[in-house]
Amino acid sequence: MCNSTVVRWTITPRIAPRPWIACGGCGTLKPFQSSGKVRLNANGKRLDAWLIYKCIDCARSWNRPLFERRTLKEIDPKVLEAAHFSTPDWVRAQEFDIDGLRRHAQRIDEFGEADIDKQDVGEAALPGQIVIEFEVALPSSLRLDRLLAGELGLSRSKLQSLHEEGLLIIEPGRKEVLRRRVRSGMQVRLMQGG
Ligand SMILES: [Zn+2]
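Residues numbered from 1 in each chain as written. Predicted model: local features only at pLDDT ≥ 70, side-chain atom pairs only at ≥ 80, totals over all residues. Heavy atoms only, no water.

As recorded in an unreviewed UniProt entry, the protein chain goes by DUF1062 domain-containing protein and comes from Taklimakanibacter albus.

Chemist: If you had to explain the environment of Phe111 to someone new, which residues and values would you point to?
Modeler: Summarising the element assignment, Phe111 is placed in the loop between strand 6 (108-109) and strand 7 (114-123). A sequence separation of 94 residues divides Phe111 from Pro17, and the C-alpha atoms of the two residues are 6.7 Å apart. (Helix = DSSP H or I, 4+ residues; strand = E, 2+ residues; numbered from the N terminus.)

Chemist: Just give me the short version of the domain arrangement of the protein chain, but keep the residues and values in it.
Modeler: Put simply, an interface is often sized by how much accessible area is lost when its parts join up. Considered domain by domain, the protein chain is made up of domain 1 (5-14 + 112-191) and domain 2 (18-109). Computed over C-alpha atoms, the centres of domain 1 and domain 2 are 33 Å apart. (Domains from an automatic or database assignment.)

Chemist: Residue-level account of the sheet that holds strand 3 (residues 28-43), with values.
Modeler: Either a parallel or an antiparallel arrangement is found when strands of a sheet pair, and the pairing is made through backbone hydrogen bonds. Read across the open sheet, the five strands follow the order 5-4-3-2-6; overall the sheet is antiparallel. The sheet is open, and its two edges are formed by strand 5 (61-71) and strand 6, each paired on a single side. Judged from the eight bridges that link them, strand 4 (residues 46-55) and strand 5 form a sheet pairing that is antiparallel. By the bridge assignment for strand 5, Lys54 is matched with Ser61. Set on the sheet, helix 1 (residues 77-85) makes contact with strand 3, strand 4 and strand 5; between it and strand 3 the angle comes to about 115°. Those strands touched by helix 2 (residues 88-95) are strand 3, strand 4 and strand 5, and its axis lies near 135° from that of strand 3. (Pairing = 2+ DSSP bridges. Contact = heavy atoms within 4.5 Å. Axes fitted to C-alpha atoms, helices over the stretch in contact; angles between N-to-C directions.)

Chemist: I'd like a description of the sheet that holds strand 10 (residues 187-191), backed by residues and values.
Modeler: Read across the open sheet, the five strands follow the order 7-1-8-10-9; overall the sheet is mixed. Each edge of the open sheet carries a strand with a single partner, namely strand 7 and strand 9 (168-171). Going from strand to strand, the sheet's axes swing by 20° on average, the running direction of each strand aside. For strand 1 (residues 5-13) and strand 8 (residues 129-136), the ladder comprises seven bridges, and the chain directions are parallel. Bridge pairing links Trp9 to Phe134 in strand 8.

Chemist: Kindly report on the pattern of salt bridges, identifying the contributing residues and their values.
Modeler: Going through the model one piece at a time under the given rule, you end up with eleven salt bridges. In this structure, Arg8 engages Glu133 in a salt bridge whose closest nitrogen and oxygen atoms are separated by 4.0 Å. A residue pair is termed long-range when its members are at least 10 positions apart, and Arg8 in strand 1 and Glu133 in strand 8 qualify at 125 residues. Using a relative accessible area of 30% as the deciding quantity, one classes Arg8 as partly exposed. (Salt bridge = Lys/Arg side-chain N within 4 Å of Asp/Glu carboxyl O. Buried < 20%, exposed > 50% of the residue type's maximum accessible area, 1.4 Å probe, protein only.)

Chemist: Explain the coordination of the zinc ion to me, using residue names and the numbers behind them.
Modeler: Protein ligation of the zinc ion involves Cys23 (SG), Cys26 (SG), Cys55 (SG) and Cys58 (SG), the donor distances falling in the range 2.3 Å. Read N to C, the donor residues that coordinate the zinc ion are spaced as C-x2-C-x28-C-x2-C. Note that Cys26 is positioned in the loop between strand 2 (18-23) and strand 3 and Cys58 in the loop between strand 4 and strand 5, a separation of 32 residues in sequence. On the basis of relative accessibility, which here comes to 28%, the residue Cys26 falls in the partly exposed class. Residue Cys58 is classed as partly exposed on the basis of its relative accessible area of 35%. (Donors = N, O, S within 2.8 Å, 3.2 Å for Na, K, Ca; no water.)

The following block contains the structure:
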């Protein structure tokens, strides 16, 4: 750990959420995984776009509607292009749109695994203080205490007691903040050597 630094942690979740969908192949609810491919379909003057998911056991597909029965005028040209080419960044944003998925599935598996890129961005205000700023582009289900415990080599109970003693400050400060999901804009300030 460095002394008196401000570090930016960029969190990139590795695995997209998997909705549980009734699978015709398996005859039961199964988790489905995105194929990364979008299918566009023209129906007269109207367009549909689906993201194709596959059952993780039998590979039967499920078409997740992204938009349906829209006229060309109603679609942002950038969205149309992204859907047409299955542009990876755009597809990834859809895959992590958990609210969108909830419209189709009651149960959704989420995964906490993430890549964490750390970059020094300045010096902290106080000696011995480490400040961590979070950048989370795609919603991650990673809990703040799990992330900090794993990366800082501290137990979750130690983090909890540091937090109670005011040696670990988290902003914005909310109830049970250590148990919440890590989000962009969160900041952690930790006094070291305590
Ligand atoms: Zn299946």
